[in-house]
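Read off the chains here:
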Amino acid sequence: MTQGISPATTLDDGIVATAESCLAAVGAAREAIHGVIFGQEKVVDLALVTILAGGHGLLVGLPGLAKTKLVETLGTVLGLDARRVQFTPDLMPSDILGTEILEEDAERRRAFRFVQGPVFTQLLMADEINRASPRTQSALLQAMQEGHVSVAGARHDLPRPFHVLATQNPIEQEGTYPLPEAQLDRFLLEIDVGYPDRAAERRILIETTGVDEARPRAVMSTEQLLTAQRLVRRLPVGEAVVEAILDLVRAARPDSGDALVKDKLLWGPGPRASQALTLAARARALIEGRVAPSVADVKALAEPVLKHRMALSYTARADGETIEGLIAKLAEKL
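Residues numbered from 1 in each chain as written. Predicted model: local features only at pLDDT ≥ 70, side-chain atom pairs only at ≥ 80, totals over all residues. Heavy atoms only, no water.

A.B. asks: Looking at this model, I keep getting lost on the packing of helix 10 (residues 271-287) against helix 11 (residues 295-306). Mind explaining?
C.D. replies: Packed helices, taken two at a time, are described by their axes: the angle between them and the distance between them. Where helix 10 meets helix 11, the closest approach of the two axes is 9 Å, and the angle between their N-to-C directions is 130°. Considering their axes alone, helix 10 and helix 11 lie oblique with respect to each other. Remark: the crossing between helix 10 and helix 11 carries right-handed chirality. Contacts from Ala 273, Ala 276, Leu 277, Ala 280, Ala 281, Arg 284 and Ala 285 in helix 10 reach Ala 296, Asp 297, Val 298, Ala 300, Leu 301, Ala 302, Val 305 and Leu 306 in helix 11. Of the residues assigned to the contact of helix 10 with helix 11, the class counts are 13 nonpolar, no polar and two charged. (Axes fitted to C-alpha atoms, helices over the stretch in contact; angles between N-to-C directions. Helix = DSSP H or I, 4+ residues; strand = E, 2+ residues; numbered from the N terminus. Parallel < 35°, antiparallel > 145°, perpendicular 65-115°, else oblique. Left-handed = near helix turned anticlockwise from the far one by under 90°. Contact = heavy atoms within 4.5 Å. Nonpolar A, V, L, I, M, F, W, Y, C, P; charged D, E, K, R; others polar.)

A.B. asks: Would you explain empty space enclosed by the protein in this entry?
C.D. replies: If a probe as big as a water molecule is rolled over the atoms, it shows which places are left empty. Per the counting criterion, the structure on display carries one cavity of 30 Å³ or more. Taken together, Ile 37, Gln 40, Val 43, Leu 65, Ala 66, Lys 67, Leu 70 and Val 193 make up the full set of residues lining the largest cavity. Per-class residue counts for the lining of the largest cavity are six nonpolar, one polar and one charged. (1 Å grid on protein atoms, 1.4 Å probe; cavity = no way out; pocket = protein on both sides within 12 Å on 5 of 7 lines; lining within 4 Å. Points joined across faces, edges and corners; volume = space filled by probe spheres on them.)

A.B. asks: Looking at this structure, how should I read helix 10?
C.D. replies: Three- or four-residue spacings in an α-helix give side chains the same orientation, since the helix completes a turn every 3.6 residues. Counted at 1.5 Å a residue, the expected span for helix 10 with its 17 residues is 24 Å, and the 25 Å between its end C-alpha atoms agrees. Within helix 10, twelve of the 17 residues are buried, which leaves the element mostly enclosed by the surrounding structure. Trailing helix 10 by a residue or two, Gly 289 shows a phi angle of about 85°, which is positive. (Expected span 1.5 Å × (residues − 1). Buried < 20%, exposed > 50% of the residue type's maximum accessible area, 1.4 Å probe, protein only.)

A.B. asks: Would you take a moment to explain the UniProt feature "domain: ChlI/MoxR AAA lid" (unreviewed entry) in the chain for this structure?
C.D. replies: Taking the UniProt record as the reference, the feature "domain: ChlI/MoxR AAA lid" (unreviewed entry) is found at residues 261-324. For residues 261-324, the end-to-end C-alpha separation is 12 Å, with 56% helix and 8% strand making up the annotated structure. (UniProt positions renumbered as here; feature names shortened; annotations may be inferred.)

A.B. asks: Explanation requested: the confidence of the model for the chain in the structure shown.
C.D. replies: The predicted coordinates ought not to be read in detail in places where the model reports low pLDDT. Taken over all residues, the pLDDT of the chain has a mean of 86, while the share at 70 or more is 96%. Counted against residues more than four places away or in other chains, residues 1-9, with its pLDDT under 50, gives 19 contacts. (pLDDT = per-residue confidence, 0-100.)

A.B. asks: What exactly am I supposed to notice about the UniProt feature "domain: ATPase AAA-3" (unreviewed entry) in the chain here?
C.D. replies: When the UniProt feature table is mapped to this numbering, "domain: ATPase AAA-3" (unreviewed entry) covers residues 56-189. Note that residues 56-189 is 25% helix and 33% strand, and that its end C-alpha atoms are spaced 7 Å apart.

Structural data, given as structure tokens:
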């Protein structure tokens, strides 16, 4: 599945050697995940792009579409320590970050000891993140952006790598707390999880209801993943790709954007969207066996990168416009 690197590729020998080994490892990991998660090829690839790019992902889909199983499988295949937190209205920040407890030793001396919460892991599944209160949701902000948390004034570094894959149910909104724009912007991609097609669902029926069920196996180690993530940041990005990213992101802004969207948006993507597109395009190229992204990668990633960073105006919604439709029109112009 992976392709060899052409000698004509303008990369130094060190990057070429690293790329060759990473292409093989990433390709094997991709195949292993597809062997467990059926009918969600695009979702799997986008989740893998998210992790290879060093970011966090928001999985949006109905119950029973293998979101939890996907995260568990990613953790096993990529060699990551994974934990799951079920977000509920009574969940407190300390339930995620950890807390200090007062202990007394044999000599009756008392001292506080920090007990780590489930956020101290390499892959955290925040299940139904919008069911927790804004106070609890915000507990993840510093962790997602800075890679550490502060408790009682003390800094506690998180493991490396650290990724959050959060899930949301798009239909049951009663009693939920929509994520604020500042937190949505921390997610590299918003990944829509849809129904599998008939052939995939048939395979699910046959392979998951018998005695033997496909189980994930470790394919990469943590160190191999970190090497791949470093490689993603070193891959060259052509001038045409850079210009396409800038054209797309800047066109999606209400004040100075394309005439197509100018009066239809309340707000649009900031520079973090440009950064996300650049990293995600490099990661997508890598999982497809290439060492440089193309404009096609930018087009393919336009919706998952921009969708949660834009909001329609009331007039646009009344006219039947959708964010997906506007992004598709802007991507067609690249």
